[in-house]
Amino acid sequence: MGKTYVTGALCAFLNSKGIRAGAFKPLESGCAARGRHIRRADSEFLKKTARMPEPLDVINPYYFKEPLAPGVAAARQGVRVSFVRIRKNLRGLQKKYDVIFIEGAGGLLVPVAGKKTNLDLIRYLKIPVLVVARLGLGTINHTLLTLEHLKRNRVRVLGAILNQTSKGRTIADKTNPDVLKRYGAPLLGVFPYVSPARQ
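Residues numbered from 1 in each chain as written. Predicted model: local features only at pLDDT ≥ 70, side-chain atom pairs only at ≥ 80, totals over all residues. Heavy atoms only, no water.

> What is the right way to look at the pattern of salt bridges in this model?
A side chain of one charge can pair with a side chain of the opposite charge when the charged atoms of the two come close. All chains considered together, the criterion is met by eight salt bridges. Put simply, R39 and E44 hold a salt bridge, and the shortest N to O gap is 3.5 Å. Since its relative accessible area comes to 25%, E44 is described here as partly exposed. The salt bridge involving R152 is made with E148; its shortest N-O contact spans 3.0 Å. (Salt bridge = Lys/Arg side-chain N within 4 Å of Asp/Glu carboxyl O. Buried < 20%, exposed > 50% of the residue type's maximum accessible area, 1.4 Å probe, protein only.)

Laid out in structure tokens, this is it:
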């Protein structure tokens, strides 16, 4: 739930400043089944954190049981993901809020509908991107590749946030932010570790 915590925190912060901020999660995978009920942990967290009265199906139109890329999970469930439906839900939310944070499922090139990826959805919705990456080892390559691919596809990047997912900080955790800055990454900051007890 790394991206989810960052998204929820941004919504909560803006709402505390009097800016109506909502969240939208078009696709969620790995939803646990409890009897007949499917628990959408990420979407439910965003709805609660942003204090949104809208039904969960508006905030999260597509959800899948298996913890797979959304496009793969959708195909296995026999579900056809419609970008038109996603845009319709988003437009409805945009009429009610000053800002909508859209949380993607997986990375930039993860399939979400057949061979279409998150990048295709971003371009279809014509939205800018805030990159959220894990703070630890491997993030330099991952973050720079993501930023470069967005640039090549002429997608506007608002910035990047590194998310600390473990309590202690390794040498990589401590040095990665400065390294990314030296490579020109538009780093906005590091989101601190949140212990399970506070989630």
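> Please explain the environment of Q94 as it appears in this structure.
Tracing the backbone through its elements, the reader meets Q94 in helix α5 (residues 83–94). When the C-alpha positions of Q94 and G22 are compared, they lie 8.5 Å apart, and in sequence the two are 72 residues distant. (Helix = DSSP H or I, 4+ residues; strand = E, 2+ residues; numbered from the N terminus.)

> Sorry, what's going on with the pairing of strand β1 (residues 21–24) here?
As a general feature of sheets, a regular strand has side chains that alternate between the two faces. Along β1, one buried face is formed by A21 and A23 and the opposite face, lined by G22 and F24, is buried too. Bridge count for β1 against strand β6 (residues 99–102) is four bridges, and the pairing is parallel. By the bridge assignment for β6, G22 is matched with I100. (Pairing = 2+ DSSP bridges.)

> Before we go on, may I ask you to explain the sheet that holds strand β11 (residues 187–191) in this structure?
The strands making up a sheet associate through backbone hydrogen bonding, with each pair oriented either parallel or antiparallel. Ordered in space as β9-β10-β11, the three strands form an open sheet in which the pairing is parallel. The open sheet terminates on both sides in strands that have one partner only, identified here as β9 (129–134) and β11. The mean angle between the axes of side-by-side strands here comes to 20°, regardless of whether they run parallel or antiparallel. Pairing geometry for β9 and strand β10 (residues 157–163), over six bridges, is parallel. Note on β10: the bridge partner recorded for V131 is A160. Most of the contacts of helix α7 (residues 139–152) go to β9, to which it runs at about 165°, and overall it touches β9 and β10. (Axes fitted to C-alpha atoms, helices over the stretch in contact; angles between N-to-C directions. Contact = heavy atoms within 4.5 Å.)

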